[in-house]
Amino acid sequence: MTEAEKSFTPPPGTAPIVQLKGIAKYFPGVIANEDVDLEVMPGEIHALLGENGAGKSTLMNILTGIYQADAGEIIIDGYRQEFASPVQAIAAGIGMVHQHFKLVQAFTVAENIHLGWDETPKRASKSVLESRTEDLAKRYNLATRPGATVSDLSTGEQQRVEILRVLARRARLLILDEPTAVLTPAEARELFRALRDFVAEGNAVIFISHKLDEVMEISDRVSILRGGRKIATRDTRNCNAHMLANLMVGREIVLADMRGRGPHAAPISKDPVLVLDDVCVASGTGGNALDQVNLKLHAGEILGIAGVAGNGQRELSQVLTGVKAASSGKVIVDGTHMKSANAKIFADFGIGHIPEDRLHSGLAPALSITTNAVMREYDQAPVSPHGIYNPRSATRLAREIAEAAEVMIPDYGMPVRNLSGGNQQRLVARREMRIADKVLVAAYPSRGLDVGAINTMLRYIVELRDAGAGVVLISEELEELLNLSDRIAVLYEGKVMGVVENDNLDIEEIGLLMGGRTKAGEVA
Amino acid sequence: MFSSFRIQRLPSSHPGIALAARLAAIVIALVVAGVGIALAGMNPFDLGARVITASFGSSFGMEDLGVLVIPLILTGLAVAVGQQVGAWNIGAEGQFYAGAFAASAVGLFVPGEGPLILILMFVAGLVGGAAWILIPTLARAYANVNELITTLLLNFVATLLVYYVATGPWRDRSGMANSATPPLSTSVPEFWGIVHWGFPIAIGLAILVGAALAFSRWGYEVRLVGSNPSAAKYAGIPVRKHLIMVMLLSGAIAGLAGMLEIAGTVHRLQGGISNNFGYLGIMVAVLARGSPIGVIFSGAFMALILNSGIVLQTQGLTTSVVLAITGFILFLTAIGDELSYYRITREKPEGAA
Ligand SMILES: Nc1ncnc2c1ncn2[C@@H]1O[C@H](COP(=O)(O)OP(=O)(O)OP(=O)(O)O)[C@@H](O)[C@H]1O
Ligand SMILES: [Mg+2]
């Protein structure tokens, strides 16, 4: 793949930056890690691959002192180390950027960078902190706005702040847990450039991702976990995406065009089930997050929504599912004009919703798996016969959902945040598909899923379509959209730039629309 | 070959270990308090024996405990209920006074006596408490104003209001005491010695609320709203409605505590009637980790500590020493709670099976 121009080759005999030996971690009923050996050399980007729940995040949490291993040792520069907390790990040069950012939303970038850092000057004014941040940003080539409040930043910018925070503390090993899952392609490219610069100075990166193309592009070596054990470490240049997928899952995976309909598939309905008629949604900053959107969704079809994240996708899915009211225009469900937003009425009608940020709005992380799994059906029999909530029936339903989602759960009473990121996503997706008789609004449904699970998920979406539901599929993966959708609408700055039939469609045209242009060249 | 020790923080604590940690905390606190008392020249064993005989040795002692536990359970329940929906009601003290005030108004000025008046007083207590948390509730629900400060500030208003009416307009002009109202026309009947029917009401209410939270659709919705409002909104649950209703319920329960205190125990309204029950309720709720059923036990524990404090005062210990001991026990209990999340493991030496 693309060879790094400036690369760092450690002299022979150099000790690894980090060496893990025989690491094990057990949770009640789960072997999260067992007998894991891993070496990370100076100058390398080391990818960590594995199915959902394979133990990647746990292993990195051990390396950064969030968890302590039940067995095994961590060796840094040849010395055995024990980290009781992330503070000790960062002092030893190991820093991590988590899947879910840990910045203080109400603070500025400069304040976040200096928070809890022993090099923060004792009595520093705002401008001192900001100029220090400016210097750091320059040094590590990570553009940020030191004075901006974090809550105003895009996801990509927030991630840069997280990385800067870690690098400022002189990390020599940077760990990134699914960093690109939330980035636009352009932001991802920028991130890769920064990572290459970082390792060129003799540092190292551990990179967790489910996107195999990325792994092929960015990594020097890749290690694969399965069921908590490391099963292989390979040089990336001797691999291809197909091979990695097989190693990960242990079986053959075929991604296919799924637009073909079987003989029993429901036809596309004549009348639409869900209509947006001139819908606007006001954004927090005074403008319109959705601007005069007209969309029609028919039963039995998949409508893809293409576009760079942050162009109104969140508001679109909220308005389609009754979470948010339109500030003007009409939302029409099965011929009825819905005057106010009420997610319950939409759900009862048969509209399922896989939200884009499962941890923020799709789940209550601190509550039990059972409580979260029954969120759509807690008020009906069998969970609540005669209005009485029956915890035992709730757990039975939760088990049913978890089994359909192929998530292994040792204890339904434990907080749902203890599940791996991908397993949370699977659970939410199955929960929503159960109620989606009429419509499924799926925002980035494959985010955080491993290749096998993505395949399963997409197949279920197709089955829903064949059963006669209308599906709105919001995605950044053009390939996914092309493989599934009957029609594709392109969203740009809250406007629908165009809706195109997905046969013989011109990918270039989609690309132009995504950038806010039409084929004739005019700018919207 | 030495084996080494590791300290680990567990994501959740084992209930048995948590209980053991609490018991250990109490024992340590008692030992330290005993040493302190011994240094002050008194015999801690002697005092301890006296506390135990005074609390459990006679039915009088048990009755004292029984009366004391009622307001503690109720204010603790009020705070715990608020926590369920994600609200910190620091104002149980004020709602207690407001409930006592409203119930006294009925008891003093509505003519007649008997069950009808009692029911009116009961309702007045609930409404008074709810009314006192109304503004903080609406401010939180509609303007996202933090209820921590608003409920706290209203405590001072309520305390002063009751003090004012009890020493001013509603003062008992017949008797010698001029800092209290005349006796109320009606009281809550007693069912065991001096323990009145507030006792079963408090326990019954805690069980009822606990059951409703665990076994009703309403309870499910409240828990979801309290844990993650965005998720509740996503599921179509009326977040604001639940927040308002549950906060008002919290205030009403604290108001009921005030009503039962004046109508069952004190029989008249006077300044300082709450004895800090509202603030103690915060500790009761925290010790119970926000569980309504747990409040029954932590309320009883708190009553025992307070009662021991009263006994110790009669033995010549000053109030501040008693308060210090009480605080110390609670402090150590909190530390014990936190420590129960840690585990020390001994690692086997290299090569051992
Ligand atoms: N705190 C915890 N308590 C109990 N079980 C846990 C805890 N943390 C992780 N697990 C379990 O350990 C296993 C490994 O989880 P981990 O998060 O490491 O997976 P992962 O490889 O990062 O998966 P994903 O790709 O889905 O993010 C899972 O079965 C998970 O449920
Ligand atoms: Mg993970």
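Residues numbered from 1 in each chain as written. Chains lettered and ligands numbered in written order. Predicted model: local features only at pLDDT ≥ 70, side-chain atom pairs only at ≥ 80, totals over all residues. Heavy atoms only, no water.

S.K.: Pulling in residues and values, what's your account of the overall build of chain B?
M.R.: Of regular secondary structure, chain B possesses 13 helices and four strands. For 353 residues, the compact-globule estimate of 2.2 N^0.38 gives 20 Å, and the C-alpha radius of gyration of chain B, at 23 Å, lies within 12% of that figure. When its C-alpha atoms are laid out on the principal axes, chain B stretches across 85 × 65 × 35 Å. Relative to its full complement of 353 residues, chain B shows a buried share of 47%. Long-range contacts, defined as pairs at least 24 residues apart, comprise 78% of the intrachain contacts of chain B with a sequence gap of at least 6. Approximately 16500 Å² of chain B is accessible, and the part contributed by carbon and sulfur atoms is 71%. When the 17 basic and 14 acidic side-chain charges of chain B are each reduced to a single mean position, those positions are 11 Å apart. (Helix = DSSP H or I, 4+ residues; strand = E, 2+ residues; numbered from the N terminus. Rg over C-alpha atoms; globule rule 2.2 N^0.38 Å. Buried < 20%, exposed > 50% of the residue type's maximum accessible area, 1.4 Å probe, protein only. Contact = heavy atoms within 4.5 Å. Areas by Shrake-Rupley, 256 points an atom, 1.4 Å probe, with all protein chains shown as cover. Lys, Arg positive; Asp, Glu negative; His and termini not counted. Charge placed at Lys NZ, Arg CZ, Asp CG, Glu CD.)

S.K.: With reference to specific residues and values, describe the environment of W117 of chain A.
M.R.: Residues and elements named next belong to chain A. One can find W117 in the loop between helix 3 (109–114) and helix 4 (126–140). Judged by relative accessible area, W117 falls into the buried class, the value being 9%. Those residues in contact with W117 that lie beyond four places of it in its chain are R132, L136, A168 and R169.

S.K.: Mind laying out the pattern of salt bridges, listing which residues take part and the relevant values?
M.R.: Residues and elements named next belong to chain A. Per the counting criterion, the structure on display carries 27 salt bridges over all chains. The closest approach of N and O atoms between E44 and R221, which form a salt bridge, is 2.9 Å. Placement of the pair is E44 in the loop between strand 2 (30–40) and strand 3 (45–50) and R221 in strand 9 (residues 221–226), with a sequence separation of 177 residues. Here E44 matches R221 in class, with each residue buried. Note that K211 and E477 form a salt bridge whose closest N and O atoms lie 3.9 Å from each other. You can see K211 sitting in the loop between strand 8 (204–208) and helix 7 (212–218) and its partner E477 sitting in the loop between strand 18 (470–474) and helix 16 (478–484), a full 266 residues away along the chain. (Salt bridge = Lys/Arg side-chain N within 4 Å of Asp/Glu carboxyl O.)

S.K.: Summarise unusual backbone geometry; cite the residues concerned and give the values.
M.R.: Residues and elements named next belong to chain A. Geometrically, the link from A381 to P382 is a cis peptide bond, its omega value of 5° lying close to zero. Mapped onto the elements, P382 comes out in the loop between helix 12 (369–373) and helix 13 (391–404). Residues other than glycine seldom take positive phi values, yet H386 does so here, at roughly 55°. Within the secondary structure, H386 sits in the loop between helix 12 and helix 13. Not every positive phi belongs to a glycine, and E493 is a case in point at roughly 45°. As for its position among the elements, E493 is in the loop between strand 19 (487–492) and strand 20 (495–501). Look at E493 and you get partly exposed, because its relative accessible area is 48%.

S.K.: Lay out helix 7 (residues 198–215) of chain B in plain terms, naming residues and giving numbers.
M.R.: Each α-helix turn comprises 3.6 residues. Residues three or four places apart therefore point the same way. All names here are of chain B. Relative to the 26 Å expected for 18 residues at 1.5 Å per residue, helix 7 spans 25 Å between its end C-alpha atoms, a close match to the ideal helical length. Among the residues making up helix 7, those that are buried are G198, A202, L205, A206, V209, G210 and L213. Buried residues of helix 7 fall within an arc of 125° about the axis and therefore sit on the same side. Its buried side turned inward, helix 7 meets helix 3 (59–84), strand 3 (195–196), helix 8 (217–227), helix 10 (239–266) and helix 12 (292–314). (Expected span 1.5 Å × (residues − 1). Arc of directions from axis to C-beta.)

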